[in-house]
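# Descriptive structure summary
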Protein chains: 2
Amino acid sequence: MISNFTFRLPTKALFGKGQIASIADEIPKTARILLTYGGGSIKKNGIFEQVQSALKDHFYIEFGGIEANPEYETLMKAVTLAREEKLDFILAVGGGSVLDGSKFIAAAVPFNGDPWDIPYKKVPISTALPVGCVMTLPATGSEMNHRAVVSRRATQDKLSLYSEWLRPQFAVLDPTTTYSLPAKQTANGVVDAFVHTLEQYATYPVNGKIQDSFAEGVLSTLLEDGPKLLEHPTDYDARANVMWAATQGLNDILSVGVPGDWSSHAIGHELTAVYGMDHAQTLAIIVPALFTHQLEAKREKLTQMALRVFHYQGDIHRAAEFAIEKIREFFEQMGLKTNFSALGIDDSQFPLVLKKLAEHRPPFIGERKDIDLAAVERILRMVL
Amino acid sequence: MISNFTFRLPTKALFGKGQIASIADEIPKTARILLTYGGGSIKKNGIFEQVQSALKDHFYIEFGGIEANPEYETLMKAVTLAREEKLDFILAVGGGSVLDGSKFIAAAVPFNGDPWDIPYKKVPISTALPVGCVMTLPATGSEMNHRAVVSRRATQDKLSLYSEWLRPQFAVLDPTTTYSLPAKQTANGVVDAFVHTLEQYATYPVNGKIQDSFAEGVLSTLLEDGPKLLEHPTDYDARANVMWAATQGLNDILSVGVPGDWSSHAIGHELTAVYGMDHAQTLAIIVPALFTHQLEAKREKLTQMALRVFHYQGDIHRAAEFAIEKIREFFEQMGLKTNFSALGIDDSQFPLVLKKLAEHRPPFIGERKDIDLAAVERILRMVL
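The numbers attached to residues start from 1 for each chain and follow its sequence in the written order. Numbering of ligands from 1 and lettering of chains from A proceed in the order in which they are written. Local features in a predicted model are, by the rule used here, given only for residues with pLDDT of at least 70; side-chain atom pairs are given and counted only at 80 or more, and totals for whole chains, interfaces and linings are based on all residues. Where side-chain values are given, they derive from all heavy atoms of the structure, hydrogens and water being excluded.

Chain A goes by NADP-dependent alcohol dehydrogenase in an unreviewed UniProt entry, where it is assigned to Alitibacter langaaensis DSM 22999.

In structure tokens form, the structure reads like this:
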């Protein structure tokens, strides 16, 4: 049975070529804008010029240098700047890390107290600066959702914050802005979106046919068009489909009323915090191992996936295993590794990974709350 | 190629058993509510008591008697009442007709001039009363969208209005409220939602993989669970899936960036206006005929539908025809007729149908704008 749920998507998605120009109408003319971005690639690929042109009648101050897995120390500099300059709107231009960092800034600026308490102690927020975004890397789904993930290297923490205040006002999704992405970032984005979808789909069946079929549509789209991007980075249709798939992958439409797993993300965040691994790379290693470990718990939905997504026609009792193998192959096809040794990582830091996981999460994770620390260690050792 | 688009779903869907109680928190305590409903079935099936209980601390005035294909003369009485009583919020409890009528009232109350100009002359509106709804018949998708259809029997008009002002603030979707629906209304709702999806899907391919796969999910869900409701009207899962499918069927998520047809609806509205036929019954007659007439124009998508929705495994050159036949069979399975003679209707009023269509629509309809009045007449005569 589908659980009760609430669903709304107030973020205005502005999809298609040339849509950056439309931000001029989406941000009040009186706004004092903090314009956030990452490592500066937007200044080389023409995106920044489009944003400048759109904002020619707006006031804005730039804040660049938000890193992948956005860092608390960096973000707090932007918080100070925004407070000093009385900025009241944040425009994030970049990928999920820039946007997630900007969401944290948006929550932190008006927050009374230590802003780290928001992700660390899950202190609820009662307001935030409005955020808009130009999303240049399809992956996190952050553009329409109410989540963000931030990191603090000093304490090896990578933590989430959630609030309806964090949903962007608008999200520009122009597929052509992703043409110049490095192949590795494209691949990471596809895998991240794919695993978001799995976290909401590969659990146990509750007969949510809309949720299931939409998830299968997102998975199939990423399977078909993700690999195309590695060969043809300027294929508009494939870029558009991957971009819209990533948005649907984590805007709640797949998750409403159905169970969620999120243990791959929970474990993966600790691997990123300890080893500095790319987020998607952590997922590519964890998912096939975790699904194999949880095979019986996930057998029904993995069988359904084998039939509907991978068009499996063999022995039904081997369908779930087939799905896991196809998932692993897909990650490898996208150029990611599916075991630790391929990355030169041994088990010496596993105790720290487990310690941090115990610090950040309840004792049991997974959609059935049946994965404890001993199980996580077994899962890690399956893919050494 | 997918066209540029804008997408947002600001309506808060409150889905599941018991959600009527939550309207207490969704409507301001200071609101002066116009509570609209239809023929009074909500007073027999326990829904009205739930609404009364939820509104025990709110002020409201009832306005019942909104009919199927809501009638201008009726709605204007509610407009007068709302103006006299200075009502400032509309809560619609019922199906798509009650909600569509309520959207018209919401637009008409603050409108300067003749409110019939809104649907008839497509005069844009610049405000409307806020609307919330308790949707008791899954069909129109009106609960999350910006459309409404209203009728004026005196002039045999059935016309649409569109505005972002018309999106409901919230929509309660409790599958158990649909348990007591007459089988005919259930069937009409399933067919209506199915055809909405076809109008957005069975056109020509633009490689919108998310849009296509989501549409296929809605179609498959209605095909699987629609017939179940005729046998098992209190099957919660089936009611829930049909309800959520109908919402997705017309909340823009299927239509963004892809072509739309809507000629079955255009023709069907005239059949309802002239003959008083149920909306869904008009669609069940028109769709198979129109698709057969437009076979070459729609062949690619109908072939795709045959393969993915009906799991067709025969000669690919006959797949489109197979899809049309399966669609027709589905309508019959749901208890609807697929030709005029089964309803005792001959061609004597066809000239009036065509005259009204010419009055209301541009000279060419359909996703390729290739259906003229002569084609419409041929389509009508195909299913005499």
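Continuing now.
### Brief notes about the overall build of chain A
Think of it this way: any DSSP run of H or I at least four residues long counts as a helix, any run of E at least two long counts as a strand, and we number them from the N terminus. Within chain A one finds 14 helices and eight strands. Over its C-alpha atoms chain A spans a radius of gyration of 20 Å, differing by no more than 12% from the 21 Å that the globule rule assigns to 384 residues. Across its three principal axes, chain A shows a C-alpha extent of roughly 65 × 45 × 45 Å. Here's how the labels work: a residue is buried when its accessible area is under 20% of the maximum for its type, exposed when over 50%, partly exposed in between, all with a 1.4 Å probe on protein chains only. Taken across its 384 residues, chain A has 64% of its residues classed as buried. Any pair of residues with heavy atoms lying within 4.5 Å of one another is described as a contacting pair. Considering only intrachain contacts with a sequence separation of at least 6, the fraction spanning at least 24 residues in chain A is 77%. Using C-alpha atoms as the atom set, the radius of gyration is obtained and then compared with a globule rule of 2.2 Å times the number of residues to the power 0.38.

### As for the packing of helix α6 (residues 183–201) of chain A against helix α12 (residues 319–333) of chain A
Residue and element names in this part refer to chain A. Here the axes come from fitting lines to C-alpha atoms, over the contacting stretch only for helices, and the angles between their N-to-C directions go from 0 to 180 degrees. Contact pair α6 / α12: the axes reach a minimum separation of 10 Å and the direction vectors enclose 160 degrees. It follows from the interaxial angle that α6 and α12 lie roughly antiparallel. The way α6 lies across α12 gives a crossing that is left-handed. Where α6 abuts α12, its residues Val190, Val191, Phe194, Val195 and Leu198 lie against Ile327, Phe330 and Phe331. For this scheme, ten residues count as nonpolar: Ala, Val, Leu, Ile, Met, Phe, Trp, Tyr, Cys and Pro. Four count as charged, namely Asp, Glu, Lys and Arg, and the remainder, Gly too, count as polar. For the contact of α6 with α12, the residue count by class is eight nonpolar, no polar and no charged. An angle counts as roughly parallel when it lies under 35 degrees, as roughly antiparallel when it exceeds 145, as roughly perpendicular when it falls between 65 and 115, and as oblique in every other case. When the near helix sits turned anticlockwise from the far one by under a right angle, the crossing is termed left-handed; a clockwise turn instead gives a right-handed crossing.

### Quick notes on the pairing of strand β3 (residues 59–63) of chain B
Two faces belong to every sheet, and in a regular strand the side chains alternate between them. Residue and element names in this part refer to chain B. By the bridge criterion, five bridges tie strand β2 (residues 32–36) to β3 in an arrangement that is parallel. Within β3, the residue paired with threonine 36 across the bridge is phenylalanine 63. Tracing the backbone out of β2, into helix α2 (residues 47–54) and back to the parallel element β3 gives a crossover that is right-handed. A strand pair is defined by DSSP finding two or more bridges across the two strands. With the strands pointing away from the viewer, any crossover whose connection runs clockwise from the first strand over the helix to the second is right-handed.

### A few points about the relation of the copies chain A and chain B
Aligned on chain B, chain A shows an RMSD of 0.0 Å; the corresponding rotation is 180 degrees and the shift along the axis is 0.0 Å. The symmetry that links the two subunits is that of a two-fold axis. The share of interface residues of chain A whose copies in chain B are also at the interface is 100%, consistent with both copies meeting through the same surface. C-alpha atoms of residues with pLDDT of at least 70 in both copies form the basis for the least-squares superposition of the copies.

### A short note on the domain arrangement of chain A
Residue and element names in this part refer to chain A. Entries for chain A in the domain assignment read domain 1 (12–177) and domain 2 (183–382). These domain limits were set by an automatic method or by a database of domain assignments. Computed from C-alpha coordinates alone, the two centres of domain 1 and domain 2 are separated by 26 Å. At the junction of the two partners, domain 1 supplies 30 residues and domain 2 supplies 29 residues. Put simply, buried area is the surface a 1.4 Å probe can reach on two separate parts but cannot reach once they are joined, added for both. When the two sides are added together, the surface that domain 1 and domain 2 hide from each other amounts to roughly 2300 Å², 60% of it contributed by carbon and sulfur. Three residues, Pro138, Gln156 and Lys158, lead the burial of domain 1 against domain 2; their summed loss comes to 27% of the area buried on that side. Salt-bridge detection follows one rule: a side-chain nitrogen of Lys or Arg within 4 Å of a carboxyl oxygen of Asp or Glu. The interface formed by domain 1 and domain 2 holds two salt bridges in total. In this structure, lysine 356 and aspartate 157 form a salt bridge, with 3.4 Å as the shortest nitrogen-oxygen distance. Definition of a polar contact: a pair of N or O atoms within 3.5 Å, with one able to donate and the other able to accept a hydrogen when the atoms are protein atoms, and with sequence-neighbouring residues admitted only if both atoms are side-chain atoms. Connecting domain 1 to domain 2 are eight residue pairs in polar contact (both at pLDDT 80 or more). Broken down by secondary-structure element, the contributors of at least two residues to the side of domain 1 that touches domain 2 are β1 (5–15), β6 (147–152) and β7 (157–162).

### Examining the UniProt feature "domain: Alcohol dehydrogenase iron-type/glycerol dehydrogenase GldA" (unreviewed entry) in chain A
What UniProt calls "domain: Alcohol dehydrogenase iron-type/glycerol dehydrogenase GldA" (unreviewed entry) maps, in this numbering, to residues 10–175 of chain A. Helix makes up 25% of residues 10–175 of chain A and strand 26%. Its end C-alpha atoms lie 21 Å apart. UniProt positions are given in the numbering used here, feature names are shortened, and annotations may be inferred rather than shown by experiment.

### Some points on the sheet that holds strand β1 (residues 5–15) of chain B
The sheet built from twelve strands is open, its strands ordered β3(A)-β2(A)-β4(A)-β5(A)-β8(A)-β1(A)-β1(B)-β8(B)-β5(B)-β4(B)-β2(B)-β3(B) with mixed pairing. Pairing within the sheet leaves two strands with one partner each, and these edge strands are β3 (59–63) of chain A together with β3 of chain B. Ignoring strand direction, the axes of neighbouring strands in this sheet form an average angle of 25 degrees. Along the sheet, helix α2 (residues 47–54) of chain A contacts β2 (32–36), β3 and β4 (89–94) of chain A; its crossing angle with β4(A), the most-contacted strand, is approximately 155 degrees.

### Some words on the side chain of Ser160(B)
Summarising the element assignment, Ser160(B) is placed in strand β7 (residues 157–162). Ser160(B) has contacts with Pro119(B), Lys122(B), Ala148(B), Val149(B) and His269(B), leaving out every residue within four places of it along the chain.

### A short note on the interface of chain A and chain B
Between chain A and chain B, the contact holds 41 residues from the first and 41 residues from the second. Both sides of the chain A and chain B interface together cover about 3600 Å² of buried area, and 58% of this is carbon and sulfur. Along the contact surface separating chain A from chain B lie four salt bridges. In this structure, the salt-bridge partner of Asp225(A) is Lys209(B), at a minimum N-O distance of 2.7 Å. Inspection of the chain A/chain B interface yields 20 residue pairs in polar contact (both at pLDDT 80 or more).

### Looking at the pattern of salt bridges
For side chains of opposite charge, pairing can occur when their charged atoms come near one another. Residues and elements named next belong to chain B. With the rule as written, the count across this model stands at 51 salt bridges over all chains. Among the salt bridges present, the one from lysine 12 reaches glutamate 26, with a minimum N-O distance of 3.0 Å. Of this pair, lysine 12 sits in strand β1 while glutamate 26 sits in helix α1 (residues 23–26); the two residues are 14 residues apart in sequence, bridging distant segments of the chain. Notably, a salt bridge pairs aspartate 212 with lysine 301, separated by 3.0 Å at the nearest N-O pair. Placement of aspartate 212 in helix α7 (residues 209–231) and of lysine 301 in helix α11 (residues 295–308) is noted, with a sequence separation of 89 residues between them.

### Considerations on the UniProt feature "domain: Fe-containing alcohol dehydrogenase-like C-terminal" (unreviewed entry) in chain A
Mapped onto this structure's residue numbering, the UniProt feature "domain: Fe-containing alcohol dehydrogenase-like C-terminal" (unreviewed entry) falls at residues 186–356 of chain A. Between the end C-alpha atoms of residues 186–356 of chain A the distance is 29 Å, and the span holds 68% helix and 0% strand.

### Observations regarding unusual backbone geometry
Residue and element names in this part refer to chain B. In this structure, aspartate 252 is a non-glycine residue whose phi angle is positive, near 90 degrees. Positive phi is not limited to glycine here, since lysine 369 has a value of about 50 degrees. Along the polypeptide, lysine 369 turns up in the loop between α13 (350–360) and α14 (373–382). With relative accessibility at 54%, the residue lysine 369 sits in the exposed group.

### What to know about the packing of aromatic side chains
Each Phe, Tyr or Trp ring (for Trp, its six-membered ring) is paired with any other whose centre lies within 6.5 Å, and the angle between the two planes then decides the class: stacked below 30 degrees, edge-to-face above 60, tilted in between. This structure, assessed with the given rule, holds 27 aromatic pairs over all chains. Taking the centre distance of 6.1 Å and the plane angle of 70 degrees together, the rings of Tyr72(A) and Phe104(A) count as edge-to-face. Taken as a pair, Tyr72(A) in helix α3 (residues 72–84) and Phe104(A) in helix α4 (residues 96–108) lie far apart in primary sequence, 32 residues in all. In this structure, Tyr72(A) and Phe104(A) share a single accessibility class: buried. When the centroid spacing of 4.8 Å and the interplanar angle of 50 degrees are considered together, the rings of Phe194(B) and Phe330(B) count as tilted. Within this pair, whereas Phe194(B) is found in helix α6 (residues 183–201), its partner Phe330(B) is found in helix α12 (residues 319–333), the two being separated by 136 residues in sequence. Using a relative accessible area of 2% as the deciding quantity, one classes Phe330(B) as buried. Both a distance and an angle decide whether a charge sits over a ring: NZ of Lys or CZ of Arg must be within 6 Å of the ring centre and within 35 degrees of the ring normal. Lying across the ring of Trp116(A), Arg152(A) places its NZ or CZ 5.3 Å from the centre. The lysine or arginine in question, Lys43(B), covers the ring of Phe48(B), its NZ or CZ lying 4.5 Å from the ring centre.

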